[in-house]
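Read off the chains here:
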Amino acid sequence: MIGRLNHVAIAVPDLEAAADQYRNALGAKVGPPQDEPDHGVTVIFIELPNTKIELLYPLGENSPINGFLAKNPSGGMHHICYEVDDIAAARDQLVETGARVLGTGEPKIGAHGKPVLFLHPKDFNGCLIELEEV
Ligand code: CO
């Protein structure tokens with residue numbers, strides 16, 4: 001069911017410093033910051049030859065990233081995103097196996113303008129999983 005690795009997301013305490021590090025020290029192609037009020041984050045995508053890195057920074061007081069950074073003040077890996085062809089079918093199949101979908105269980109529009117949803121990390125070896133329909 002799952003396809004390509006779409007991105008690995010890293011929560012960062014300083015978005016500009018992290019972007020500069022990827023641009024200058026690592027020589028990566030770094031995109032512009034994008035605010036995503038629906039998800040409570042500002043993101044910067046970094047394009048690698050075979051996947052992307054998503055730098056995540058909190059947007060607003062209720063951002064889900066605030067708690068993560070409180071526990072991990074120097075930042076840390078936040079989630080990985082797999083591509084699927086049909087997000088509703090993927091969700092239904094996973095729910096049948098006992099996996100929990102975060103939030104309402106309905107896909108939201110993600111950073112690439114495509115439907116996404118998140119699966120509970122406790123059901124996936126401690127790793128928060130994002131599915132994105134491509
Ligand atoms: Co993501």
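Look up: the structure comes first, before these words.
In what follows, the accompanying structure is described. (Residues numbered from 1 in each chain as written. Predicted model: local features only at pLDDT ≥ 70, side-chain atom pairs only at ≥ 80, totals over all residues. Heavy atoms only, no water.)

Here the focus is helix α1 (residues 15-25). Of the residues making up α1, those classed as buried are Leu15, Ala18, Ala19 and Tyr22. Looking straight down α1, one finds that the buried residues subtend no more than 100° of arc, so they occupy a single side. Among the exposed residues of α1, those oriented more than 90 degrees off its buried face are Glu16, Asn24 and Ala25. Looking at the buried residues of α1, the elements they touch are β1 (5-11), β2 (29-30), β4 (41-47) and β5 (52-58). For α1, the capping residue at the N-terminal end is aspartate 14, with a side-chain oxygen 3.2 Å from the backbone nitrogen of glutamate 16. Trailing α1 by a residue or two, glycine 27 shows a phi angle of about 65°, which is positive. (Buried < 20%, exposed > 50% of the residue type's maximum accessible area, 1.4 Å probe, protein only. Helix = DSSP H or I, 4+ residues; strand = E, 2+ residues; numbered from the N terminus. Arc of directions from axis to C-beta. Contact = heavy atoms within 4.5 Å. Polar contact = N/O pair within 3.5 Å; in protein donor to acceptor, adjacent residues only side chain to side chain.)

Of all 9 residues in strand β6 (residues 76-84), 7 are buried, a share of seventy percent or more. Of the strand pairs in this sheet, β6 and strand β9 (residues 129-133) are connected by 5 bridges, and their pairing is parallel. Across the sheet, the residue bridging to glutamate 83 is glutamate 132, located in β9. (Pairing = 2+ DSSP bridges.)

Side-chain pairs of opposite charge can arise where the charged atoms are in close proximity. Counting across every chain of the model gives 6 salt bridges. Taking the shortest distance from any N to any O, the salt bridge between arginine 23 and aspartate 20 comes out at 2.8 Å. One end of the pair, arginine 23, and the other, aspartate 20, are both in helix α1, 3 residues apart, so they sit about a helical turn from each other. Judged by its relative accessible area of 36%, arginine 23 is partly exposed. Notably, a salt bridge pairs arginine 91 with aspartate 92, separated by 3.1 Å at the nearest N-O pair. Residue arginine 91 is classed as buried on the basis of its relative accessible area, which comes to 14%. (Salt bridge = Lys/Arg side-chain N within 4 Å of Asp/Glu carboxyl O.)

Now for the nonpolar core. Ranked by size, the top nonpolar core spans 24 residues in total, and within it Tyr22, Ile44, Ile46, Leu55, Leu119 and Leu131 carry the most contacts. Elements supplying a minimum of two residues to this core: α1, β4, β5, β6, α3 (87-96), β8 (115-119) and β9. Considering each element in turn, this core owes the most residues, 4 residues, to α1. Sequence-distant contacts of tyrosine 22, defined by excluding residues within four places in its chain, comprise Ile10, Gly27, Ala28, Val30, Ile46, Ile53 and Leu55. Counting 10 residues, the second-largest nonpolar core is a separate cluster that includes Val41, Leu56, Ile65 and Leu69. (Core = buried A, V, L, I, M, F, W, Y, C linked by side-chain atoms within 4.5 Å.)

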